[in-house]
Amino acid sequence: MDPCVKTVLEVGEKLVKKSPANHQRGIETVGGMLYLTTARLIFESHALNIQAGVTTISISEINRLRKDWTKFLNVIPIFPNTLAVTSSSGHEDKFILFRRTPWINEINKLKEGQN
């Protein structure tokens, strides 16, 4: 297990990828780390954020991945570096990170391995 990951990994769950990222939560952009494991996408916020905490999305629950733009005030597109993750419930999480295409590729590989 990576010593940086605070979330307890399940038996057999392995870390695949990690990167600094921001999680768009309403109007706040929450800084932290994004981790991809063999079973989940995990975002752990830095303690200094107002909306601190952990967001986990099971790989099997991911319904759609798409590239999006970081938006100023959630309206004005400023930079194409957002990964939008939609779960099977319809909830969408947006993660701002660089090199989002390799993330999409890795998540899709894991999803294909579950079928």
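Our subject is the structure that appears above.
Residues numbered from 1 in each chain as written. Predicted model: local features only at pLDDT ≥ 70, side-chain atom pairs only at ≥ 80, totals over all residues. Heavy atoms only, no water.

A.B. asks: Explanation requested: the nonpolar core in the structure shown.
C.D. replies: It is characteristic of soluble globular proteins that their nonpolar side chains tend to be buried jointly. Residues Leu34, Leu41, Leu83, Val85 and Phe95 are the most contacted members of the largest nonpolar core, which totals 18 residues. Broken down by secondary-structure element, the contributors of at least two residues to this core are strand E2 (28–37), strand E3 (40–45), strand E5 (62–72), strand E6 (76–87) and helix H1 (100–114). Per element, the largest residue contribution to this core is 4 residues, and it comes from H1. (Core = buried A, V, L, I, M, F, W, Y, C linked by side-chain atoms within 4.5 Å. Buried < 20%, exposed > 50% of the residue type's maximum accessible area, 1.4 Å probe, protein only. Helix = DSSP H or I, 4+ residues; strand = E, 2+ residues; numbered from the N terminus.)

A.B. asks: Could you clarify how one ought to interpret the pattern of salt bridges in this entry?
C.D. replies: It is possible for side chains of opposite charge to pair when their charged atoms get near one another. This structure, assessed with the given rule, holds 6 salt bridges. The closest approach of N and O atoms between Glu13 and Arg40, which form a salt bridge, is 2.8 Å. Of this pair, Glu13 sits in the segment before strand E1 (15–25) while Arg40 sits in strand E3, and the two are 27 residues apart along the sequence. Asp68 serves as the salt-bridge partner of Arg66, at 3.3 Å between the closest nitrogen and oxygen. Arg66 gets classed as partly exposed once you look at its relative accessible area, which sits at 22%. Several salt bridges share partner residues, and in doing so they unite Arg66, Asp68, Glu92 and Lys94 into one network. (Salt bridge = Lys/Arg side-chain N within 4 Å of Asp/Glu carboxyl O.)

A.B. asks: Please explain unusual backbone geometry as it appears in this structure.
C.D. replies: Peptide bonds are, in most cases, trans, and in most cases residues other than glycine have a negative phi. In this structure, Arg99 takes a positive phi of about 60 degrees despite not being glycine. When you line up the elements, Arg99 lands in the loop between strand E7 (92–96) and H1.

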